[in-house]
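What follows is each chain in one-letter form.
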Amino acid sequence: MWDQLKALHAKSQDRKITDLFADEARSEAFSVETDGLYLDYSKTNIDAQAYAALIELAQSTGVEKRREAMFAGEKINETEDRAVLHTALRNLDGGPVLVDGEDVMPGVLDTLEKMADFANAVRDGSFAGAGGKITDVVNIGIGGSDLGPAMAVPALAPFADGPRAHFISNVDGADLADKLAVLDPKTTLVLVASKTFTTMETMMNAKSAFDWMAKEVSEPATQFAAISTAMEETAAFGIPAERVFGFQDWVGGRYSMWGPIGLSLMIAVGPDDFKDFLRGGQAMDRHFVEAPLADNMAVALALVGIWHHQISGYGTRAVLPYEQRLLRLPAYLQQLEMESNGKSVSLEGKELSQTVGPIVWGEPGTNGQHAFYQLIHQGKQVVPCEFLVGAQGHEPELDHHHKALLSNCLAQSEALLLGRDYETAKSMMAAKGFEGDALEANAMQRVFSGNRPSTTLMYKTLTPFVLGQIISLYEHRVFVEGAILGINSYDQWGVELGKELAVKLAPAVEDDGSTEGLHVATAALVKKAKALKG
Ligand code: F6P
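Everything numeric here is computed off the predicted structure, so don't read it as measured data.

**Q** Is there a simple way to think about the overall build of the protein in this case?
**A** Scanning the protein for helices and strands turns up 21 helices and 15 strands. Relative to a compact globule of 534 residues, whose C-alpha radius of gyration would be 24 Å, the protein shows 25 Å and is just as compact. Along the longest, intermediate and shortest principal axes, the C-alpha atoms of the protein span 80 × 60 × 60 Å. Within the span of the protein, comprising 534 residues, buried residues form 51% of the whole. For the protein, the exposed area adds up to about 23600 Å²; of that, 54% sits on carbon and sulfur atoms.

**Q** Explain helix α20 (residues 496–509) to me, please; I cannot follow it from the model alone.
**A** For an α-helix, the turn length of 3.6 residues means that residues three or four places apart are oriented alike. Helix length check: α20 (14 residues) gives 20 Å between terminal C-alpha atoms against 20 Å at 1.5 Å per residue, within 8%. Where α20 bends most, the angle comes to about 30°, and this point is Val503, followed within four residues by the proline Pro507.

**Q** Help me understand the packing of helix α17 (residues 422–431) against helix α18 (residues 436–445), please; the structure alone is not making it clear to me.
**A** Two packed helices can be described by the angle between their axes and the distance between those axes. Contact geometry of α17 with α18 gives a least axis separation of 8 Å together with a crossing angle of 125°. One way to sum up the angle between α17 and α18 is to call them oblique. Note that α17 runs across α18; the crossing there is right-handed. The residues of α18 that touch α17, namely those facing Tyr422, Ala425, Lys426, Met429 and Ala430, are Leu439, Glu440, Asn442, Ala443 and Met444. Taken together, the residues of the contact of α17 with α18 sort by class into 7 nonpolar, 1 polar and 2 charged.

**Q** Before we go on, may I ask you to explain the pairing of strand β9 (residues 188–193) in this structure?
**A** In terms of burial, β9 is largely enclosed, as 6 of its 6 residues are buried. Residue alternation in β9 divides its side chains into two sets, Thr188, Val190 and Val192 and Leu189, Leu191 and Ala193, and both sets are buried. Both strand β7 (residues 136–140) and β9 contribute to a ladder of 5 bridges, which runs parallel. Along β9, the bridge assignment pairs Asn139 with Leu191. Relative to strand β10 (residues 224–228), β9 runs parallel, the two sharing 4 bridges. Considered in β10, the bridge of Ala193 is made with Ile227.

**Q** Is there a simple way to explain the site of the ligand in this structure?
**A** In the vicinity of the ligand, 14 residues are found, and the nearest of them are Gly144, Ser145, Ser194, Thr196 and Thr199. Between the ligand and Lys195, the relevant distance is 2.7 Å, taken from an oxygen atom to a main-chain nitrogen or oxygen of the residue. Protein contact buries 86% of the 390 Å² of open area that the ligand shows by itself. Residue classes in the shell around the ligand are distributed as 2 nonpolar, 9 polar and 3 charged.

**Q** I keep staring at the environment of Ala121 and nothing clicks. Help me out?
**A** Among the structural elements, Ala121 can be located in helix α6 (residues 105–124). Each C-alpha atom of the pair Ala121 and Lys133 lies 9.8 Å from the other, and the pair is 12 residues apart in sequence. Ignoring anything within four residues of it in the chain, the contact list for Ala121 reads Ser126 and Phe127.

**Q** What's the story with the pattern of salt bridges in this structure? I'm lost.
**A** Two side chains carrying opposite charge are able to pair once their charged atoms lie near each other. Inspection of every chain in the model, using the stated rule, returns 25 salt bridges. Of the charged contacts, one joins Lys207 and Asp211 as a salt bridge, the two residues approaching to 3.0 Å between their closest N and O atoms. Taken together, the residues span about one helical turn, with Lys207 and Asp211 both in helix α9 (residues 200–214) at a distance of 4 residues. Note on Lys207: relative accessible area 48%, which makes it partly exposed. If you follow the salt bridges from partner to partner, you end up with Arg317, Glu337, Glu386 and Arg477 in one network.

**Q** Is there a simple way to explain the side chain of Asp285 in this structure?
**A** The residue Asp285 is located in helix α12 (residues 271–290) in this model. Residue class for Asp285 comes out buried when judged on its relative accessible area of 5%. Polar contacts involving the side chain of Asp285 include one to the side chain of Arg90, which spans 2.7 Å. Not counting the four nearest positions on each side in its chain, Asp285 is found in contact with Phe71, Thr87, Arg90, Ser472 and His476.

**Q** What is the right way to read the side chain of Glu337 from this model?
**A** Here Glu337 shows up in helix α14 (residues 329–341). On the basis of relative accessible area, Glu337 is assigned to the buried category, the value being 6%. A distance of 2.8 Å separates a polar atom in the side chain of Glu337 from a polar atom in the side chain of Arg317. Not counting chain neighbours up to four residues away, the residues in contact with Glu337 comprise Arg317, Gly342, Val360, Tyr474, Arg477 and Val478.

**Q** Please explain the packing of aromatic side chains as it appears in this structure.
**A** One pair of aromatic rings is described through two measures. These are the centre distance and the angle between the planes. Taken as a whole and judged by the stated rule, the model has 17 aromatic pairs. For the ring pair Phe210 and Phe237, a centre distance of 5.9 Å and an interplane angle of 85° mean the geometry is edge-to-face. Residue Phe210 is found in helix α9, and its partner Phe237 is found in helix α10 (residues 231–237); the two are separated by 27 residues along the sequence. Residues Phe274 and Phe277 carry aromatic rings whose centres are separated by 6.0 Å and whose planes lie at 50° to one another, so their mutual orientation is tilted.

**Q** Looking at this structure, I do not really get the sheet that holds β9. What am I missing?
**A** The strands making up a sheet associate through backbone hydrogen bonding, with each pair oriented either parallel or antiparallel. One open sheet accounts for 5 strands, arranged β8-β7-β9-β10-β11; its pairing is parallel. Across the chains shown, the open sheet's two edge strands, defined by having one partner strand only, are β8 (164–168) and β11 (244–246). When the angles between neighbouring strand axes are averaged without regard to direction, this sheet yields 20°. Note that β10 and β11 share 3 bridges and pair parallel. Among the inter-strand pairings, Ile227 is bridged to a residue of β11, identified as Phe245. Across the sheet, α6 lies against β9, β10 and β11, angled at about 150° from β11, the strand it touches most. Sheet contacts for α9: β7, β8, β9 and β10; angle to β9, the most-contacted strand, approximately 160°.

**Q** So what exactly am I meant to see when it comes to the packing of helix α1 (residues 2–12) against helix α4 (residues 48–60) here?
**A** Where α1 meets α4, the axes come as close as 10 Å, and the angle between the chain directions of the two elements is 160°. When the axis of α1 is compared with that of α4, the two are roughly antiparallel. Crossing geometry of α1 relative to α4 is assigned as left-handed. Taken together, the residues of α4 that come into contact with α1 (itself represented by Trp2, Gln4, Leu5, Leu8 and Lys11) are Gln49, Ala50, Ala53, Leu54 and Leu57. When the residues that make up the contact of α1 with α4 are grouped by side-chain class, the tally is 7 nonpolar, 2 polar and 1 charged.

The rules behind these values
- Residues numbered from 1 in each chain as written.
- Predicted model: local features only at pLDDT ≥ 70, side-chain atom pairs only at ≥ 80, totals over all residues.
- Heavy atoms only, no water.
- Helix = DSSP H or I, 4+ residues; strand = E, 2+ residues; numbered from the N terminus.
- Rg over C-alpha atoms; globule rule 2.2 N^0.38 Å.
- Buried < 20%, exposed > 50% of the residue type's maximum accessible area, 1.4 Å probe, protein only.
- Areas by Shrake-Rupley, 256 points an atom, 1.4 Å probe, with all protein chains shown as cover.
- Expected span 1.5 Å × (residues − 1).
- Bend = angle between axes of the 7 residues up to and from the residue.
- Axes fitted to C-alpha atoms, helices over the stretch in contact; angles between N-to-C directions.
- Parallel < 35°, antiparallel > 145°, perpendicular 65-115°, else oblique.
- Left-handed = near helix turned anticlockwise from the far one by under 90°.
- Contact = heavy atoms within 4.5 Å.
- Nonpolar A, V, L, I, M, F, W, Y, C, P; charged D, E, K, R; others polar.
- Pairing = 2+ DSSP bridges.
- Near = heavy atom within 4 Å.
- Polar contact = N/O pair within 3.5 Å; in protein donor to acceptor, adjacent residues only side chain to side chain.
- Salt bridge = Lys/Arg side-chain N within 4 Å of Asp/Glu carboxyl O.
- Phe/Tyr/Trp six-rings, centres within 6.5 Å; stacked < 30°, edge-to-face > 60°.

Here it is, written out as structure tokens:
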């Protein structure tokens, strides 16, 4: 299958993406819509034959079987011997979900209600701090215990009518100091979010936040809650069980924002909007499970990804939300996609013959246009772009801004598609009075090769439901790509070595620490840091 796809790719080099639009039905044929979310992938150099081959690839690599296994609670995270059931967290009315023969849904729904009760109490003031009603909630966590709510809180700002949410993740004291500096400890609630409750950054930040609160609050633990699977550790920290929100090991860190890790979001927007977010995620799950592969949005996104990375060899993908409130989406997707699929070995532990995931990066438009789009349009390397845009903003009085945003988004994908040829550039410059060598040089600077692929994800307005659809869609894209490539998307052994070495290095960076036994390159840098410190 891979060879056939490579051959089809070689054939595609003789045509331009624009040629494919000779087929007037292309926009319709190369798009999918579900519950108001629309994906257009017509601006890629994939024709009907290549798409059929990609679908065959998905079928022959067992995507459907693995999808069934995931939803059936089978332990598809083989290296950790765990089921992968974050979808159960949003299975609001979907019936039982079995893990080891036991229905996990009653527990999921109980936890959701416990979260809602707590969120309501914080929001209406019946849970208060030493100084009265809680005004600010600080989520302390990192990676999957931070990025989901840190992305979603600004995304849903128009729905936020509760206490303000803040996120501290980095072990750099600057993160903690700057965020706490503007808060009143007497009206602040701290959520310590850590699946394991052992993550070094989170535990150090939690301890420092506790000390900060202890200066003004006689019983700081009363203004702390925990989100974790590790009940013994949360108890040891001094947080009573009624304020510990647990989840199970079948929810991976980067897939966890649908449950208690989303508590800061729930407090900010309220339980009803949080449930709408879950409903959006669940609607996408249904589409993913029920739609045939050829009309399946997550499958389409994954196959376009395979075509661009494995088949065409493009190394990166830019995520470009024309939605300022999705400013943290690229960072969120970096963890979701690169921690999931940044692997070199197969499920069987065999070295893979090709790279798995592209590097994901991005920034909201229109800001990116005035920064790195130069390279996207005229750089030698091709960067497939993923645009996201709503048809309408949340500010009716600023509708003219939204129209400008939308037209910019559409203009960018059109510019990438069409480019500008030398003849057009030349007549432009000739009209400005350039002649001879100067005309040629100036025309060449203004040539855009075009033929650069992009996809566009469009929706009416960014609501909790739509955000749920989008995040669930991206999760399933990761799943499909991982299944096709035969890897485990749900472990992350690659983050361990650095953690181990940091522990080993900790004594050396102490002021009186010795560099003995360190690698010579590291020892040199430790000595330099000490010399600079003076
Ligand atoms: O560093 C990787 C990681 O294990 C992520 O997978 C996880 O989301 C993050 O650390 C935080 O882990 P925890 O929730 O256990 O603190």
